[in-house]
Amino acid sequence: MIKIGITGGIGSGKTTVCRIFEKLGIPVFYADTVAKEIMITDPVLREGIINTFGQESYENDGRLNNKYIAQLVFNDKKELEKLNALVHPAVFRAFDSWEEAIAADVPYTLKEAALLFESGSYQLCDKNILVTAPAAVKIERVMERDGVTRAQVEARMDKQLSDDEKNKMADFLITNDESQSVILQVLELHHQFINLTK
Ligand code: ATP
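Criteria and thresholds
- Residues numbered from 1 in each chain as written.
- Predicted model: local features only at pLDDT ≥ 70, side-chain atom pairs only at ≥ 80, totals over all residues.
- Heavy atoms only, no water.
- Near = heavy atom within 4 Å.
- Areas by Shrake-Rupley, 256 points an atom, 1.4 Å probe, with all protein chains shown as cover.
- Helix = DSSP H or I, 4+ residues; strand = E, 2+ residues; numbered from the N terminus.
- Nonpolar A, V, L, I, M, F, W, Y, C, P; charged D, E, K, R; others polar.
- Patch = residues over 30% accessible without salt bridge, like charges linked within 9 Å, V, L, I, M, F, W, Y side chains within 5 Å.
- Salt bridge = Lys/Arg side-chain N within 4 Å of Asp/Glu carboxyl O.
- Phe/Tyr/Trp six-rings, centres within 6.5 Å; stacked < 30°, edge-to-face > 60°.
- Buried < 20%, exposed > 50% of the residue type's maximum accessible area, 1.4 Å probe, protein only.
- Lys NZ or Arg CZ within 6 Å of the ring centre and 35° of its normal.
- Core = buried A, V, L, I, M, F, W, Y, C linked by side-chain atoms within 4.5 Å.
- Domains from an automatic or database assignment.
- Pairing = 2+ DSSP bridges.
- Polar contact = N/O pair within 3.5 Å; in protein donor to acceptor, adjacent residues only side chain to side chain.
- Contact = heavy atoms within 4.5 Å.

Observations concerning the site of the ligand
Consideration 1: Neighbouring the ligand are G9, I10, G11, S12, G13, K14, T15, T16, R141, R145, N176 and E178.
Consideration 2: Burial of the ligand by the surrounding chains reaches 68%, relative to a free accessible area of 630 Å².
Consideration 3: Elements with a contribution of two residues or more to the shell around the ligand: helix 1 (14-23) and helix 6 (135-146).
Consideration 4: Of all the elements, helix 1 adds the most residues to the shell around the ligand, at 3 residues.
Consideration 5: Its residues assigned to classes, the shell around the ligand shows 1 nonpolar, 7 polar and 4 charged.

The following block contains the structure:
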């Protein structure tokens, strides 16, 4: 059973691409969604966050105080590193148990993560896919999807590695620029991954 990492810059369409793999029966672990969930549900992670950032990290009803955490880490690299050092290992643990439960039934799994390369988690995958799109297309998509300004999207983009840097670490590329068929590119990779398992 092989593990495939998949990433791409904000608005590149990595989640859209993952939905196509899911239609082919391939399970996808959405690392960023899981990270948000386990910050609430994983007692060890909660304790680490409270010890590092204080009791105000959580609301009285147990939800994460997103505003407080975002303010702490958005413009402070050191604080962000501290948060990542708590969250990333917890996500790795969650991925391992998720995979163990389904490994026998599928040829391969996908792990979708915005920071696959930045977090180093690509090294734990057998192969990695980068989804790309031109910057102008990505910006338009995110402005439309999230109802945010161009400047807000650019600020988020500036915090990610460039596609050129990610490309050096990727094994496969999916171009989601709305001129080439994404479905055909996914099918081609799906066949390659199945062949890798034979
Ligand atoms: P983020 O990192 O911000 O979560 P993402 O890389 O997961 O983004 P998606 O959420 O898949 O990107 O796509 C961003 C937006 O662009 C979505 O609204 C999606 O529907 C749209 N989109 C993605 N690919 C295409 C496409 N090929 N044609 C039209 N719309 C697209």
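Having put the structure on the table, let's press on.
Examining a nonpolar patch on the surface
Consideration 1: A grouping of L24, I183, L184 and L187 is seen on the molecular surface, where their side chains present a nonpolar patch of about 350 Å² in accessible area.
Consideration 2: Its location among the elements puts L187 in helix 9 (residues 182-196).

Some words on the packing of aromatic side chains
Consideration 1: Enumeration over the complete set of coordinates arrives at 7 aromatic pairs.
Consideration 2: Pairing F29 with F95 gives two aromatic rings, centres 5.0 Å apart and planes at 75°, and the pair type is edge-to-face. Of the two residues, F29 sits in strand 2 (residues 28-30) while F95 sits in helix 5 (residues 77-102), which places them 66 residues apart along the sequence. Of the two residues examined, F29 and F95, each falls in the buried class.
Consideration 3: One aromatic cluster in this structure is built from F21, Y108, F172 and F193.
Consideration 4: Note that R46 overlies the ring of Y58, its terminal NZ or CZ placed 4.1 Å from the centroid.
Consideration 5: The aromatic ring of F95 is capped on one face by K111, whose charged end is 4.6 Å from the ring centroid.

A short note on the nonpolar core
Consideration 1: By size, the foremost hydrophobic cluster in this structure holds 25 residues, and its most contacted members are F29, M39, L45, I49, L83, V87 and V91.
Consideration 2: Among the secondary structure elements, those contributing two or more residues to this core are helix 2 (31-41), helix 3 (43-53), helix 4 (66-74) and helix 5.
Consideration 3: Top element by residues in this core is helix 5. It accounts for 6 residues.
Consideration 4: Here this core spans two domains, since at least three of its residues come from each of domain 1 (1-27 + 107-198) and domain 2 (32-105).

What about the pairing of strand 5 (residues 172-175)?
Consideration 1: Only one face of strand 5 is buried, namely the one carrying F172 and I174, since none of L173 and T175 on the opposite face is buried.
Consideration 2: The pairing of strand 4 (residues 127-132) with strand 5 spans 4 bridges and is parallel. What sits directly across from I129, in strand 5, is F172.

Examining the side chain of Q160
Consideration 1: If you trace the backbone, Q160 turns up in the loop between helix 7 (150-158) and helix 8 (163-169).
Consideration 2: A polar contact of 3.0 Å, which involves the side chain of Q160, links it to the backbone nitrogen of I10.
Consideration 3: Beyond its immediate chain neighbours, meaning those up to four positions away, Q160 contacts G9, I10, E118 and K166.

A look at the environment of T175
Consideration 1: Mapping T175 onto the fold places it in strand 5.
Consideration 2: Linking T175 and G13, residues 162 residues apart in sequence, is a C-alpha distance of 9.4 Å.

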